[in-house]
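Structural overview for review
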Amino acid sequence: MFSPPKKYPCAFIPDGHNETAYIAGIEGLHPPITFTYRPMRAAEGIERYQSLLKAEPKFRASLVITTLSETLRSWDITDPAGAAVIPTADNMGKLNQVVANTMAHIAMGVLE
């Protein structure tokens, strides 16, 4: 579903460190997406992922949006007319569910 960046990211995550990720497009679902995010540290990512697994389904989407709001820095997502979409919490809530979940999993360091 996603490809690793062309260069390997840093294994040590200092404060303020951002990484770029790429999600391959899926025909009929979403175009290719490149985004910049602040990776969660291991304990933080595991804790958030466990919270997602334990949450009632109606609360999972809000946890995904919270994760994106805390970690996402930029993206190349456009609207149907081709205009850039600003990565706000409101716009993150309008993302295709597959895209939102994939971005959040990458930021949490969870690849399943």
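In the block above lies the structure referred to throughout.
Residues numbered from 1 in each chain as written. Predicted model: local features only at pLDDT ≥ 70, side-chain atom pairs only at ≥ 80, totals over all residues. Heavy atoms only, no water.

1. Comments concerning helix α4 (residues 97-108)
- Between the first and last C-alpha of α4 there are 16 Å, a value that for 12 residues agrees with the 16 Å anticipated at 1.5 Å per step.
- Most of α4 is tucked away, with 9 of its 12 residues classed as buried.
- Burial in α4 covers these residues: Val99, Ala100, Thr102, Met103, Ala104, His105, Ile106, Ala107 and Met108.
- The N-capping residue of α4, defined by a side-chain oxygen 2.7 Å from the backbone nitrogen of Val98, is Asn96. (Helix = DSSP H or I, 4+ residues; strand = E, 2+ residues; numbered from the N terminus. Expected span 1.5 Å × (residues − 1). Buried < 20%, exposed > 50% of the residue type's maximum accessible area, 1.4 Å probe, protein only. Polar contact = N/O pair within 3.5 Å; in protein donor to acceptor, adjacent residues only side chain to side chain.)

2. Structural notes on the pattern of salt bridges
- Evaluation of the coordinates by the stated rule reveals 3 salt bridges.
- One salt bridge in this structure joins Glu70 and Arg48, with 2.9 Å as the shortest N-O distance. In this pair, Glu70 sits in helix α2 (residues 57-71) while Arg48 sits in helix α1 (residues 42-54), placing the two residues 22 residues apart along the sequence.
- Residue Glu70 is classed as partly exposed on the basis of its relative accessible area, which comes to 35%.
- Of the residues examined, Arg48 reaches a relative accessible area of 15% and is grouped as buried.
- One salt bridge connects Asp90 with Lys94, and the closest N-O pair in it is separated by 3.2 Å. (Salt bridge = Lys/Arg side-chain N within 4 Å of Asp/Glu carboxyl O.)

3. Regarding the side chain of Thr67
- Along the chain, Thr67 turns up in helix α2.
- When near neighbours in sequence (up to four residues on either side) are disregarded, Thr67 contacts Met40, Arg48, Ala104 and Met108. (Contact = heavy atoms within 4.5 Å.)

Read these as layout, nothing more, since geometry by itself doesn't imply function.
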